[in-house]
Amino acid sequence: PENLKCITHDLNRMICSWDATSSANLGLTYKICYTNSEHFSLVCIETEGKRADIPVTVGSTNIRITTLNASGTSLATETFVLSEENVSLIPLTPQILNLSADFSTYTLYLKWNDSGSVFQYELDASWQIQILRKETLETVALMNYDSKLTGKDSILSWNWTSDIPLECTSYYVKIRCYINEPYFTGRKEWSEWSPIRTVPEKDTKPNSAMVFPQDKVVLVGSNVTFCCLYNEGESIKFMNYGSKSYPLLRLNKWSSAIKVQNVSASISSGTNVWCLLEPDGLEGTVLFVGYAPDTPQNLNCETRTFITITCSWNPGRATALYRQRQTKYILFERISKENVTCKVDELNKEHYCDFPVHANQKIYNFTLGASNPLGQAESSLLIDVNQRVHLETPVKFTVSTNSSTNAHLSWYIPGNFIQIRLLCQIEISNSNSERQLNVSMAGAENSNYRAWVDALHPYATYTFRVRCSASEHFWRWSKWSEEKKLTTLE
Amino acid sequence: MASAEQSPVTLQHHNLCSRVILLARKIRSDVASLLESYVERQGLDRTISLDSVDGVPVAAMEQGGELTMAEQLGANLQAYRAFQALLGEVLEEQRSHLTPLDTDFHASIQAVLLQVAALAYQLEELLALLGHSRPAWEAAGPEDPARRSLFEMKLRGLKVLQELAHWTVRSVRDLRQVAKQPGLSARGG
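- Identification of chain B as Ciliary neurotrophic factor from Terrapene triunguis is taken from an unreviewed UniProt entry.
- Per UniProt, the comment on chain B under Sequence similarities (unreviewed entry) is "Belongs to the CNTF family."
- Here is the UniProt Subcellular location (unreviewed entry) comment for chain B, exactly as written: "Cytoplasm".

Next comes the structure, spelled out in structure tokens:
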């Protein structure tokens, strides 16, 4: 016996193997004797193969290997002095538990068992994850990942995002492990690579030609790779992004790609990406290139009726994205923890959203969230609803008189203002004068309001109009009512 | 001696043919400008191959496919009925997916759709006037648009408009032939 080599997977037991010089291997057995480091007793075992599983010993140990023929006669004996330095620590070959793909985000998700229970104590472990393109076996990614073995088995997970759609080509994934046992003086080596896993699972010979990614949304300025999948027997003539042809990159037998740099905003129906196939066939997709939502600007919230609070804002920079990809707005109120999904009209530059006024809630802490497929933004506003009353335009405005110097005015304002006082401004004008009268009055609910004006000139024609606001905390005047003319009696 | 006097049916037949021809020419003109704006809004190239798009009535006739007058009118009617449904789908796809805010563009599609409906109605009238039965029409249920990708929607819309334009040319030719059928009795020739 010669060239004794011993490896250990767990620092507990080691597998030793050797070569035998005698050519006649048939019917030979081997007797291995070693000193057990715990009881210092001699242990002998017999094996038919040229390998044996024996405990790892601290320090060095003598191993005597005797070759026996079929009748048990000793043919040769060799004693090896084995020290830890001559042993290699090679972790067990890891197994990938699960490999899945999220095609929409081009991301592979990997899960594996770290076999931490093989060791009784905490150890630093390094993992290498290799991703190759299946057909060309070209390495696409080689990533290192460090973890700590805890003496128990743990499931580790890792994910990797491809720069091209996962549908474009199949990938092989494999992992291997390295254990950095600081006090082990022997050689430490990488484990074998794990069995290869493929994603998508089955081979993706396309059953129909297609272009990927399908109807994706990306930020302006992105670099995007598109691939055209075609059937066996077909070939690709060219591939366009918009009206421009791009150089083709061959991925595999039925897949070619183009790389487009720094894409600009698309038209509303999206930028077309299409490939023309031989003998015939045309496949394509659409790319929507836009912006993430801007921070909602000039956010303002006020109540017109004390029934709802209306928030309005300007969406800021256009996103170039519409309908299913348009910006969605949610108005969230922190105190009541209530939120409202806002219905916005994409055509209208000014956006509105109504939130119910709550009984006994004065302060409203609003956050308006804007989100689209490319990102999100938000604006906040804290208001005291009593200080943000912006009444509706007074309607049903009437003026009447039964004297030569007075006039009676009446108007209607929708809304529930029982909790506040109103300040109304009456404008009285005629050909040579104009004056404004401020009148304070108790608020009411969906009510008519009255006032009267005196000190008018007899037999004179006046034009009246009225507007109102909250009396205590002025926020905004309502619009003026329509004008009404009146001629006082003689 | 040719009779200068035309029977009321023949007069009505001629008027109706003229009206159909006029409407077909109007549609052709509208479709031509609609095609311009369609191609621009979809970012398409006018010359893009549409062979892979199916389900659209093709105006080109098979070689040697001589049709009787009734068959000619019937084929025209079937085509415009199909275009009515197809244009409705194209309009819906533009509104929901491709050009949601372009209301003027939608209006121009809608306008062509209404004219196609009117043309189909006039063809039905003409067939009835000439004593021919109207071919049965079973509108194929609208395909599930979700099944089509956005790019396929764009191509399909382009093919619908291109074939509609071709059909209007064919209709003008067919109706001129029908109009030349002198003295056709009320019952078919």
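## Some details on the packing of helix 3 (residues 103–129) of chain B against helix 4 (residues 150–179) of chain B
Residue and element names in this part refer to chain B.
Point 1. With their axes 13 Å apart at the nearest point, helix 3 and helix 4 run at an angle of 25° to one another. Considered as vectors, helix 3 and helix 4 are oriented roughly parallel to each other. As helix 3 runs across helix 4, the sense of the crossing is left-handed. For the pair helix 3 and helix 4, contact is made by V112, V116, L123 and L126 and by L164, L175 and V178, respectively.

## Describing the interface of chain B and chain A
Point 1. Each partner contributes residues to the interface: chain B has 21 residues there, and chain A has 22 residues.
Point 2. For chain B, the biggest contributors to the area lost against chain A are L101, L150 and F151 of chain B; these three give 36% of the whole.
Point 3. Scanning the region where chain B abuts chain A turns up zero salt bridges.
Point 4. In this structure, the connection of chain B to chain A is made through 13 residue pairs in polar contact (both at pLDDT 80 or more).
Point 5. Elements represented by at least two residues in the side of chain B that touches chain A include exactly helix 1 (8–42), helix 2 (69–98) and helix 4 of chain B.
Point 6. Among the residues making up the side of chain B that touches chain A, the classes are represented as eight nonpolar, nine polar and four charged.

## A few points about the sheet that holds strand 35 (residues 421–430) of chain A
Residue and element names in this part refer to chain A.
Point 1. The strand order across the open sheet built from four strands is 36-35-38-39, with neighbouring strands paired in antiparallel fashion. The open sheet has two edge strands, strand 36 (433–442) and strand 39 (484–487), and neither has a second partner. On average, each strand axis in the sheet is inclined to that of its neighbour by 30°, with strand direction left out of account.
Point 2. Note: strand 35 against strand 38 (residues 461–470), eight bridges, orientation antiparallel. Across the sheet, residue Q425 finds its bridge partner in strand 38, namely R467.

## Here's the deal with unusual backbone geometry
Residue and element names in this part refer to chain A.
Point 1. Geometrically, the link from F212 to P213 is a cis peptide bond, its omega value of 0° lying close to zero.
Point 2. You can see P213 is positioned in the loop between strand 17 (210–212) and strand 18 (216–219).
Point 3. For the bond from E278 to P279, the omega torsion is -10°, close enough to zero to count as cis.
Point 4. Among the secondary structure elements, P279 is positioned in the loop between strand 24 (271–278) and strand 25 (282–290).
Point 5. Backbone geometry places F306, a non-glycine residue, at a positive phi of 65°.

## Quick word on the sheet that holds strand 20 (residues 235–241) of chain A
Point 1. As summarised here, the arrangement of the five strands in space is 18-25-24-20-21 (chain A), forming an open sheet in which the pairing is mixed. Strand pairing shows two members of the sheet lacking a second neighbour, strand 18 and strand 21 (244–245) of chain A, which therefore form its edges.
Point 2. The strands touched by helix 4 of chain B within the sheet are strand 24 and strand 25 of chain A, with strand 25 of chain A carrying the most contacts at an inclination of about 115°.

## A word on the nonpolar core
Point 1. One finds I48, L73, Y80, F83 and L164 of chain B to be the most contacted residues of the largest nonpolar core, which totals 64 residues.
Point 2. Breaking this core down by element, the ones donating at least two residues are strand 24 and strand 25 of chain A together with helix 1, helix 2, helix 3 and helix 4 of chain B.
Point 3. The biggest single contributor to this core is helix 4 of chain B, with 14 residues.
Point 4. Excluding anything up to four places from it in sequence, Y80 of chain B contacts V116, L119, A120, L123, L164, W167, T168 and S171 of chain B.
Point 5. In this structure, C6, V56, Y171 and A257 of chain A belong to the second largest nonpolar core, which totals 50 residues.

Each value, and the rule that gives it
- Residues numbered from 1 in each chain as written.
- Chains lettered and ligands numbered in written order.
- Predicted model: local features only at pLDDT ≥ 70, side-chain atom pairs only at ≥ 80, totals over all residues.
- Heavy atoms only, no water.
- UniProt positions renumbered as here; feature names shortened; annotations may be inferred.
- Axes fitted to C-alpha atoms, helices over the stretch in contact; angles between N-to-C directions.
- Helix = DSSP H or I, 4+ residues; strand = E, 2+ residues; numbered from the N terminus.
- Parallel < 35°, antiparallel > 145°, perpendicular 65-115°, else oblique.
- Left-handed = near helix turned anticlockwise from the far one by under 90°.
- Contact = heavy atoms within 4.5 Å.
- Buried area = accessible area lost by both parts, 1.4 Å probe.
- Salt bridge = Lys/Arg side-chain N within 4 Å of Asp/Glu carboxyl O.
- Polar contact = N/O pair within 3.5 Å; in protein donor to acceptor, adjacent residues only side chain to side chain.
- Nonpolar A, V, L, I, M, F, W, Y, C, P; charged D, E, K, R; others polar.
- Pairing = 2+ DSSP bridges.
- Core = buried A, V, L, I, M, F, W, Y, C linked by side-chain atoms within 4.5 Å.
- Buried < 20%, exposed > 50% of the residue type's maximum accessible area, 1.4 Å probe, protein only.

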